[in-house]
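Topology and contacts: notes
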Amino acid sequence: MSFARKNVLNAVAGAILLTTPLGVHAAMDDVKIKATKLTDGIHMLAGKGGNIGVLTGPDGTFMIDDQFAPLTGKILAAIKEIGGEIPRFVLNTHYHHDHTGGNENLGNKGVTIVSHDNVRKKLAEGATIKAFNKVIPPAAKVAVPVITFGEEMTFHLNGETVHVFHSANAHTDGDSIIHFRKANIIHAGDTFFNGFFPFIDVGAGGTVKGVIAAVDKMLALADGNTKIIPGHGPLADKAQLIAYREMLVTAQTRLSSLKSSGKSAADAVATKPLADMEVQWGDGFLPTDKWIKIVYDGV
Ligand SMILES: [Zn+2]
């Protein structure tokens, strides 16, 4: 397994498996936040959990996702290092705690938290990630988004037009995709795991078809120069997003045919329907058999 893949495995497994606060803190001590410059004002930050996007400039700092609470200090230090400040806004791409764990710390610093309507609902009321039996208690009030949207919204900051739009029933029921129009940069949230079978939160309304539809929306915006920040995995280009789409379409076709022939998830797994995809896509966080079980109700 390559270093990059191990990193993603750690990032995603950490998101799901670490349940005690002590465990989270111990595991976060060694995390370093790595900034990758995409343009003068836009960076990708990778640490542990979902990749962060940051837009900096004279109008203030705009941030996408905030990983885990114990990392907030390191993330804010990294933002300062690249010329930013305490963000004016943080946009949550979806409700998962490896993307929203810093909300409470940021809310306490006066950052305005923004999300799709359904993300606010899950954070405010609490939720369960059924695939992992992970219970997420209701968030503190200060961690709950104060501005929400249903279909789309636009931020006008630092000379950039930041178009945020919802794609229905993809990774969850509340995914946002962010398009920096001038810079030709897309933040995909968890509709894109670059190089791996993606976790799809079927219990929260996610579907494989919805992820494919989200990918199609991004492909329509992308050209050969577009930089794409995936929810997990290394920075991507359009060709990698196309490869990911092909994998999803093949999986959807084969699994939906097994499903319509009446096979249960366990029976479907036993036929090894995606055996030829294992090497390229299955050595990250989710091995092929496990991935099939997770998405089967969502094909
Ligand atoms: Zn997620």
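Bear in mind that the values here come from a model prediction, so they are computed numbers and not experimental data.

**Comments concerning the overall build of the protein**
Counting its regular elements, the protein contains eleven helices and 14 strands. For 299 residues, the compact-globule estimate of 2.2 N^0.38 gives 19 Å, and the C-alpha radius of gyration of the protein, at 18 Å, lies within 12% of that figure. Seen along its three principal axes, the alpha-carbon backbone of the protein occupies a region of about 55 × 45 × 35 Å. Counting every position in the protein, which comprises 299 residues, the buried fraction comes to 48%. Of all intrachain contacts in the protein linking residues separated by at least 6 positions in sequence, the fraction that spans at least 24 positions is 65%.

**Considering the confidence of the model for the protein**
Here the protein averages 93 in pLDDT, while 91% of its residues score no lower than 70. Per-element confidence in the protein ranges from a low mean pLDDT of 51 for helix α1 (residues 3–17) to a high of 99 for strand β13 (residues 185–187). In this model residues 17–21 is a low-confidence stretch, pLDDT under 50, and it forms three contacts with partners more than four residues away in sequence or in other chains.

**Side note on the nonpolar core**
Formed by 68 residues in total, the largest nonpolar core has its most connected members in Ile186, Met218, Ile228 and Val295. Ignoring any residue separated from it by four or fewer positions in sequence, one finds isoleucine 186 in contact with Ile177, Ile178, His179, Met218, Leu221, Ala222, Thr226, Ile228 and Ile229. The next biggest cluster of nonpolar side chains, apart from the first, holds eight residues, and it includes Val119, Ala143, Val144 and Ala204.

**Description of helix α8 (residues 238–260)**
Here α8 contains 23 residues, and its C-alpha end-to-end distance of 32 Å stays within 8% of the 33 Å for a straight helix at 1.5 Å per residue. Considered for burial, the residues of α8 that qualify are Leu241, Tyr244, Leu248, Ala251 and Leu255. Turning to α8, the residues buried within the fold contact α7 (208–221), β14 (227–229), α9 (265–270) and α11 (288–295). Directly after α8, the chain includes glycine 262, whose backbone phi takes a positive value near 95°.

**A few points about the pairing of strand β11 (residues 160–167)**
Note: strand β10 (residues 152–157) against β11, six bridges, orientation antiparallel. Looking at β11, one finds that leucine 157 is bridged to glutamate 160. Taking the residues between adjacent antiparallel strands as the criterion, β10 and β11 are bridged by two residues, where asparagine 158 takes a positive phi near 55°. Both β11 and strand β12 (residues 175–180) contribute to a ladder of six bridges, which runs antiparallel. For phenylalanine 165, the partnering residue across the bridge sits in β12 and is isoleucine 177.

**Let's talk about the sheet that holds strand β6 (residues 112–116)**
Hydrogen bonds between backbone groups are what pair the strands of a sheet, and the pairing can be parallel or antiparallel. Across the sheet, seven strands lie side by side as β1-β2-β3-β4-β5-β6-β9; this open sheet has mixed pairing. Each edge of the open sheet is held by one strand with a lone partner, namely β1 (34–37) and β9 (147–149). The sheet shows a mean angle of 20° between the axes of neighbouring strands, taken without regard to direction. Where strand β2 (residues 42–46) meets strand β3 (residues 52–55), four bridges bridge the pair, whose relative direction is antiparallel. Its bridge partner lying in β3, histidine 43 is registered against valine 54. Contacting β5 (89–92), β6 and β9, helix α6 (residues 117–125) crosses the sheet at an angle of about 115° to β6.

**Some words on the environment of glycine 159**
Note that glycine 159 resides in the loop between β10 and β11. With 12 C-beta atoms packed within 10 Å, glycine 159 lands in the exposed category. Glycine 159 sits 26 residues away from asparagine 133 along the chain, and the two C-alpha atoms are 43 Å apart.

What counts as what
- Residues numbered from 1 in each chain as written.
- Predicted model: local features only at pLDDT ≥ 70, side-chain atom pairs only at ≥ 80, totals over all residues.
- Helix = DSSP H or I, 4+ residues; strand = E, 2+ residues; numbered from the N terminus.
- Rg over C-alpha atoms; globule rule 2.2 N^0.38 Å.
- Buried ≥ 20, exposed ≤ 12 C-beta atoms within 10 Å, placed from the backbone.
- Contact = placed C-beta atoms within 7 Å.
- pLDDT = per-residue confidence, 0-100.
- Core = buried A, V, L, I, M, F, W, Y, C linked by C-beta atoms within 7 Å.
- Expected span 1.5 Å × (residues − 1).
- Pairing = 2+ DSSP bridges.
- Axes fitted to C-alpha atoms, helices over the stretch in contact; angles between N-to-C directions.

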